Every structure is written in C-alpha cells, then in structure tokens.
Amino acid sequence: MHRSRRAWLVCAGATLLLFTSTGLLSNAFSVFQPYIIQRGAMTESQGSLLITIRYLTMLLSTMAVTGYYRRFPLRWGMVLGLVPGLLSLVLYSAAESFLLCCVASALSGVTCGLCGMVPATMLLDRWFVSHRGLAVGICAAGTGFAAVVASPVMQWLINHFGLSGAMLWEAVFFLAAGAAVFLLVRERPEDLGLQPYHAAQRTTRREPTSAPVSGGGRTMGLLLPAAFLLAASAGPAYSHITVYLTDEQFSPDTVAWLVSAMGLLMTAGKCLIGEVTDLMGGRRACLLFGMFVVLGQGLECFIPTRSSAVVCLSLLFAGLGLALSTVGFSIWCRDLCRGDNALLCKIQSAHMVGALLFSPLPGIIADGTGSYQPAYLLFALLTILAVGLMARAYATPAPNRQHI
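Here the residue numbering is sequential within each chain, running from 1 through the sequence in written order. Where local features are concerned, this predicted model is filtered to residues with pLDDT of at least 70; where side-chain atom pairs are given and counted, the filter is 80 or more; whole-chain, interface and lining totals use all residues. Where side-chain values are given, they derive from all heavy atoms of the structure, hydrogens and water being excluded.

Considerations on the overall build of the chain
No. 1: The way it works is that DSSP assigns letters per residue, a run of H or I at least four long becomes a helix, a run of E at least two long becomes a strand, and they are numbered from the N terminus. A tally of regular secondary structure across the chain gives 18 helices and zero strands.
No. 2: Here the globule rule reads 2.2 Å times residues to the power 0.38, and the radius of gyration is calculated from C-alpha atoms. Taken against the 2.2 N^0.38 rule, which gives 22 Å for 404 residues, the C-alpha radius of gyration of the chain at 20 Å falls within 12% of a compact globule.
No. 3: Taken over the C-alpha atoms alone, the chain extends approximately 55 × 40 × 35 Å along its principal axes.
No. 4: For the chain, the proportion of its 404 residues judged to be buried stands at 60%.
No. 5: We call two residues contacting when some pair of their heavy atoms lies within 4.5 Å. Of the contacts made within the chain by residues no fewer than 6 positions apart, 84% connect residues no fewer than 24 positions apart.
No. 6: Surface exposure of the chain reaches about 14900 Å², of which carbon and sulfur atoms provide 67%.
No. 7: Neither His nor the chain termini are counted; the positive set is Lys and Arg, and the negative set is Asp and Glu. By convention, the point assigned to a charge is CZ for Arg, NZ for Lys, CD for Glu and CG for Asp. Computed over 25 positive and 17 negative side-chain charges, the inter-centroid distance for the chain is 12 Å. When a residue's accessible area, from a 1.4 Å probe over protein chains only, is under 20% of the maximum for its type it is buried; when over 50% it is exposed; and in between it is partly exposed. In short, Shrake-Rupley with a 1.4 Å probe defines the accessible areas, and a residue's cover is counted only from the protein chains shown.

Shown next as structure tokens:
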C-alpha cells in the first residue's frame, strides 16, 4: 500500500479512538447528564460530582499513561484502554443509585485518560514528518465530531429506547470501534516496510525564531498554570452546557442540536488549528484560538438572556476555541518543550487537575444561587488569565524554539 495512504489510515484509526473514548464518554456524554440526574433523583451538586469523579480517574490515568504504553504496545494498549469505558456504559445502563453511577463514571475516566491525546500524539509522531500538525488536528477533531454526530443520535436513542437502551447501544458501538482501531493502527511504518509520511511542503510564514523557549522551569511555570486554568472552559463549562441550557428553559431536542452544532465547530477548530500551525507557526495559531475561547466563554455568561444571537455566537467561539485545550497542548509541547512527551503528560495532568477541582463548582453554585450563570462568569475570568499566561510563555526568551 502507498505510504501516504497507510499513514492517513493510521490517522483515521487514532481519530476513531478519540471519537469513541473522549468523544463519547466526555464531550457527547453531556446529553445523558440531565437524564442521569433525574433517574437517580440527584441534586445538581451530585451531578457535578459524577463529572468530578470522571476527571479524577482521567487524571490518574493520564499520569500513568507513559508507563502504561511502555508495558503495552500502542496498538494493543489503545484497544485494551477502551474496555473500562465499555464496562462503564453497561454499568450506567443498569445503575439507578448515585453510588453505582460514581463507579461507572470512574471507569469512563480511565478510558479517557488511556485513550486520549498522549498516545495519539505518540503514534502520529512516528507516522508523519510533514503535515503532522494537520494529522494531530484531524485526530483531535474526533472528540468534537462525536458531539456533532452522537448528540442528536443519543437523544433519538433515549427518546425511543430509554436511557438504559441508549447506553447499551453505545456499548455495542464500543465493541465495533475497538475492532476497527485494531485493524487500522500499526505501531510504526517500518513494521510494514514503509517510511513516515513526508510531502513537499508549501512555503510557510513563520514567526522569528530568535527567541525560542526550551521547556525549562520558567516556561513550564507558565504553561502548567495556563493548562490548569484552561480546564475551566474545556472541562466543567463544556460538560455542564447541556444542563445550563436546559435550566434556561431550552427544550431537550433544541439542546441536543445546539450541542451538536458546537461539536461541529469543535471538529472544524481542531482541524483548523493544525493547518494554521503548519502555515503560520504555533504562536499565531494559539493566540488566535485563545481569542476564540475567551470570546466564547464570555458570551456564554449571557445565555440567560435567551437571545438566539448570543447563544449561537457563544457556542461558535467556544467550540472553535476548545481546540486550544486539545491540539493546543501538543503545539505547546513541540514549540516550547522540544516535543518532549513527558512534558506533554505534565501539561495534560495539570489540565486534568484543573478539570477535577473546577468540576464540582457549577452544581454547587447552581444549588446555592439557583443559576449556573455565576459559575460561567467565574470560568470566563479564569480563561482570560489562562490565555494571558500562554501568551507570556510564547514571549519568554530562550534558545532553539521549534514549530510544528
């Protein structure tokens, strides 16, 4: 098989992995959230705690991911990493108590951590020399594409088969996806007698490379808190958008389509940030998408106005900007940390810590104030600070900056 075709098939396998793991168990899973809360007679705080538990096990799995893939080859490790998520869906389908839902949530977090961007980036680094940014962007877009496709499909399944039936149908998809990933993914091009994908590249505009960053203590001292604070917009702000919109009297079908539209923009954003990086360099791409996430998070504070323009614009910018919290971390690592996957794991872990700590806040604040709006005001401020720290990291002088 032609080497370029095989490399893109591997990219497709990694994309399907993220679609199935993080996409279905985190991004699109928010469609299930109001029904899980209702069936279990939970408070809003308990609903947020389920997300907190998922983030906790996701964090622990992310911290262990490099050791996990030293023990298992990437291909086998990816497929085996889907098993806890499969068990999570089966358990969710039967769970009516808060305790069982907590166990199911913990299992889903394990899969999100083991089958996330870190192994996908490791795989694509082996298969791509050129267009690596685009490949990583396409792969990360799988999580957003899940919200596009799965959100209305899940709502349809719930309407026709109930919550339990919808969970079981998703579990069947997990089995099929695991088999497809196993067929598509190969460890290295050398195993098939191929070379990594390398295409003639267009002349690109690059930033000046006289002041690069090396991934030292000063740089990581800016990137780690930036990743931590970005978790506010990418974690609880996104995972609670369904209950936020529902609480503001939007119908379930409308909410599902809005989340689907946001997922479409997430998908576009993750592909776009990779291509912009290939063309213009990581700094410009990250600053542009940082502006998007700040605008989106700020406009989400005004959702209670029920203005169609405000809602659409907030989801437009927030959806595009979420690419900064997925593909963006890989760009930071390659630009500012010499592509060190160990530092990428640290950045991902800091992000997970932020998601873990911020995730209970929307439910707690909503129980105390009667609205999710104050939580989104807080998250908007944290997002502005995160983007400021990222910009400062790119402005910090040091030798040998690289660009994707």
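Notes on the packing of aromatic side chains
No. 1: Between rings of Phe, Tyr and Trp, where Trp is taken as its six-membered ring, a pair exists when centres lie within 6.5 Å; planes separated by under 30 degrees are stacked, by over 60 edge-to-face, and by other angles tilted. Using the criterion set out here, one finds 17 aromatic pairs in the structure.
No. 2: Measuring from centroid to centroid gives 6.4 Å for Y244 and Y372, while their planes differ by 55°, and the two rings are tilted. Of this pair, Y244 sits in helix α11 (residues 241-247) while Y372 sits in the loop between α17 (361-369) and α18 (373-395), and the two are 128 residues apart along the sequence. Taken as a pair, Y244 and Y372 share a single burial class, namely buried.
No. 3: Relative to F292, the ring of F289 lies with its centre 5.2 Å away and its plane at 80°, an arrangement referred to as edge-to-face. With F289 and F292 both in helix α13 (residues 282-300) and three residues apart, this pair spans about one turn of that helix. One exposure class covers both F289 and F292, and it is buried.
No. 4: Pairwise contacts between aromatic rings join F228, Y244, F358, Y372, Y376 and F379 into one cluster.
No. 5: The criterion for a charge sitting over a ring is simple: Lys NZ or Arg CZ within 6 Å of the ring centre, and within 35 degrees of the ring normal. Sitting over the ring of Y55, R54 keeps its end group 5.5 Å from the ring centre.

What about a nonpolar patch on the surface?
No. 1: Patches here: salt-bridge-free residues with over 30% relative accessible area, like charges joined within 9 Å, nonpolar side chains (Val, Leu, Ile, Met, Phe, Trp, Tyr) joined within 5 Å. By convention in these notes, a salt bridge is any Lys or Arg side-chain nitrogen within 4 Å of a carboxyl oxygen on Asp or Glu. A cluster of nonpolar side chains, namely W76, L80, V83 and L87, defines an oily patch on the protein surface of about 360 Å² accessible area.
No. 2: Sorting the residues of the nonpolar patch by element identifies α4 (74-81) and α5 (83-94) as the ones contributing at least two each.
No. 3: Tracing the sequence through the fold places L80 in helix α4.

Observations regarding the side chain of S233
No. 1: Along the chain, S233 turns up in helix α9 (residues 217-234).
No. 2: Sequence-distant contacts of S233, that is, excluding residues within four places in its chain, are made with Y238, V293, Q297, L322 and T383.

Side note on the nonpolar core
One recurring pattern in soluble globular proteins: nonpolar side chains tend to sit buried together.
No. 1: Among the nonpolar cores identified, the biggest contains 136 residues, and F32, I36 and W332 are the most heavily contacted of them.
No. 2: When neighbours within four sequence positions are excluded, W332 is seen to be in contact with L223, A226, A227, L230, C286, L324, C337, I347, M390 and Y394. Here the nonpolar core consists of buried residues drawn from Ala, Val, Leu, Ile, Met, Phe, Trp, Tyr and Cys, with membership extended through side-chain atoms lying within 4.5 Å.

A look at the packing of helix α8 (residues 132-184) against helix α12 (residues 252-280)
No. 1: Helix axes are fitted only over the stretch in contact, all axes being lines through C-alpha atoms; the angle between N-to-C directions runs from 0 to 180 degrees. At a closest axis distance of 7 Å, the pairing of α8 and α12 adopts a crossing angle of 170°. Our classification of the angle between α8 and α12 gives roughly antiparallel.
No. 2: Broken down by class, the residue content of the contact of α8 with α12 amounts to 15 nonpolar, eleven polar and four charged. In this scheme, roughly parallel covers angles under 35 degrees and roughly antiparallel covers those over 145, while 65 to 115 is roughly perpendicular and the rest are oblique. Ten residue types, Ala, Val, Leu, Ile, Met, Phe, Trp, Tyr, Cys and Pro, are classed as nonpolar, four, Asp, Glu, Lys and Arg, as charged, and the remainder, Gly among them, as polar.

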